[in-house]
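Chain by chain, the residues run as shown.
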Amino acid sequence: MTESFQRYLRAKRTVDDRALDRRLVEMLREQLAARAADSDVPLRVLEIGAGIGTMLTRFLEWDVLPAGEVHYTAVDIQSENVAHLPDHIRDWAVDRQMSIGDSPLVLKAENRRIEIETVQAEAVAHAAAADGKYDLLIGAALLDILDRQKLPTLLEPLAPGGLYYFPITFDGATRFQPSHPADRAVEQHYHDHMDAKEGGDSRAGGDVLAHLQRLDSITLSGVAGSDWGVRPVDGSYPADEAYFLRYILDTIEDAVGEMTGSDFEELDGWLARRRAQVAAAELLYHTHQLDFLGRVDS
């Protein structure tokens, strides 16, 4: 599944692009620009759970990172993701005729220089060992698989006034259309599997909101929905989103199978119907998620 997971990360880029709340993205852009203007040293960004680097390329395309020099540290626990990230960044840059340097990996545009460091590490362990001087901490699709009691440690790398951005945090809904008699049971078993994982929570979004509200010296600047919505357009799915849906169905098959074994006889029929609907470009998919933006107070 290694190669298919990296393709899944690429395929969900367009799904995430539609989902991310643009109001919070604009707030982040403005706050980063103000922070960079008040400093004479490079902006420092730490992304935990960086995957193959799609958030970095998105931030460059959307002009979220300010002009000037940025040091970007991309951390992921999976060695395969860390290995694929430089190639993904290079391919993206070549398509846009950007200057690329190696050792370290550097992207150069007209008004900015991005120096990229990749690290294989577990999120909380890396945060605990970091030096506490970062201007921005990013954790996309992270807090629904991480023990929320560890949020204070996760935020430790931020300098006073530093920003955090936790988008795509799952919050308790998985829906498919057209409806199927087994939908409710499949969703319940799937969410039960999330809840059974260490740190996992099928209603993580609301729990994260409560934790951020309670933490001392932490400001929550904004929270907004970032629901995934995948549907066919003009008879087909955009980009590689049919693959995204097939991967989601494979994930549900594995998760529900682990929870129920052979006791849930409706699963095979449900999966066969859903896969046929993907092939025919008939399946609609929706999940509910939340984005969080805030800062560590001085």
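On a predicted model such as this, the values are computed, not experimentally measured, just so you know.

A. Examining the environment of arginine 96 more closely. On the secondary structure map, arginine 96 appears in the loop between helix H4 (79-95) and strand S3 (99-101). In this structure arginine 96 comes out as partly exposed when scored by relative accessible area, which is 40%. Remark: the alpha-carbon pair of arginine 96 and serine 298, spanning 202 residues in sequence, is separated by 39 Å.

B. Structural context of the nonpolar core. Counting 67 residues, the largest nonpolar core has Tyr165 and Phe244 as its most contacted members. With nine residues, the top contributor of residues to this core is helix H9 (residues 241-260). Not counting chain neighbours up to four residues away, the residues in contact with phenylalanine 244 comprise Tyr8, Ala11, Lys12, Val15, Trp228, Val230 and Tyr285.

C. Examining helix H3 (residues 54-61) more closely. Within H3, seven of the eight residues are buried, which leaves it mostly tucked inside the rest of the structure. Residues Thr54, Met55, Leu56, Thr57, Arg58, Phe59 and Leu60 constitute the buried set of H3. Positioned one or two residues after H3, aspartate 63 has a phi angle of 60°, which is positive.

D. A look at the pattern of salt bridges. Tallying each qualifying case throughout the model produces 22 salt bridges. The salt bridge involving arginine 18 is made with glutamate 241; its shortest N-O contact spans 2.8 Å. Residue arginine 18 is located in helix H1 (residues 2-19), and its partner glutamate 241 is located in helix H9; the two are separated by 223 residues in the primary sequence. Residue class for arginine 18 comes out partly exposed when judged on its relative accessible area of 44%. Residues arginine 275 and aspartate 250 are paired through a salt bridge, measuring 2.9 Å at the closest nitrogen-oxygen approach. A residue pair is termed long-range when its members are at least 10 positions apart, and arginine 275 in helix H10 (residues 266-279) and aspartate 250 in helix H9 qualify at 25 residues. What makes arginine 275 partly exposed here is its relative accessible area of 31%. Each of the salt bridges in this network shares a partner with another, and the network as a whole consists of Arg13, Asp17, Arg58, Glu61 and Arg96.

E. Representation of the packing of H9 against H10 in the model. Two elements in contact, H9 and H10, have axes separated by 10 Å at closest approach and are oriented at 175°. Classified by the angle their axes make, H9 and H10 are roughly antiparallel. Counted together, Ala242, Leu245, Arg246, Leu249, Asp250, Ile252, Glu253, Val256 and Gly257 of H9 and Leu267, Trp270, Leu271, Arg274, Arg275 and Val278 of H10 form the full contact between these two elements. Counted by class, the contact of H9 with H10 contains nine nonpolar, one polar and five charged residues.

F. View of the packing of aromatic side chains. Under the defined criterion, the tally for this structure stands at 12 aromatic pairs. Put simply, the rings of Phe5, Tyr8, Phe176, Trp228, Tyr243, Phe244, Tyr247, Trp270 and Tyr285 pair up and form one aromatic cluster. The ring of tryptophan 62 has arginine 22 lying over it, and the distance from NZ or CZ to the ring centre is 3.7 Å. Geometry around tyrosine 134 places arginine 44 over its ring, the cationic atom sitting 4.2 Å from the centre.

G. The arrangement of H4 in detail. Between its first and last C-alpha, H4 extends 25 Å over 17 residues, near the 24 Å set by a 1.5 Å rise per residue. The sharpest bend along H4 comes to roughly 30°, located at leucine 85, with the proline proline 86 sitting one to four residues further on. Buried within H4 we find Asn81, Val82, Leu85, Pro86, His88, Ile89, Trp92 and Ala93. Downstream of H4 by one or two residues, glutamine 97 has phi in the positive range, about 55°.

H. View of the packing of H3 against H4. In the contact formed by H3 and H4, the axes pass within 10 Å of each other and the chain directions differ by 25°. Accordingly, the angle class assigned to the pair H3 and H4 is roughly parallel. The two elements H3 and H4 meet at a crossing, and its hand is right-handed. Each of Thr54, Leu56, Thr57, Leu60 and Glu61 in H3 lies in contact with H4, whose residues at this interface are His88, Ile89 and Trp92. Across the contact of H3 with H4, the residue classes break down as four nonpolar, three polar and one charged.

I. Main features of the pairing of strand S5 (residues 112-120). For strand S2 (residues 68-76) and S5, the ladder comprises nine bridges, and the chain directions are parallel. Directly across from valine 75, in S5, lies its bridge partner valine 119. Sheet topology places strand S4 (residues 105-108) next to S5; four bridges connect them, and they run antiparallel. Directly across from leucine 107, in S5, lies its bridge partner isoleucine 114. Turn length for the S4-S5 hairpin, with the two strands adjacent in sequence and antiparallel, is three residues.

The rules behind each value
Residues numbered from 1 in each chain as written. Predicted model: local features only at pLDDT ≥ 70, side-chain atom pairs only at ≥ 80, totals over all residues. Heavy atoms only, no water. Helix = DSSP H or I, 4+ residues; strand = E, 2+ residues; numbered from the N terminus. Buried < 20%, exposed > 50% of the residue type's maximum accessible area, 1.4 Å probe, protein only. Core = buried A, V, L, I, M, F, W, Y, C linked by side-chain atoms within 4.5 Å. Contact = heavy atoms within 4.5 Å. Salt bridge = Lys/Arg side-chain N within 4 Å of Asp/Glu carboxyl O. Axes fitted to C-alpha atoms, helices over the stretch in contact; angles between N-to-C directions. Parallel < 35°, antiparallel > 145°, perpendicular 65-115°, else oblique. Nonpolar A, V, L, I, M, F, W, Y, C, P; charged D, E, K, R; others polar. Phe/Tyr/Trp six-rings, centres within 6.5 Å; stacked < 30°, edge-to-face > 60°. Lys NZ or Arg CZ within 6 Å of the ring centre and 35° of its normal. Expected span 1.5 Å × (residues − 1). Bend = angle between axes of the 7 residues up to and from the residue. Left-handed = near helix turned anticlockwise from the far one by under 90°. Pairing = 2+ DSSP bridges.

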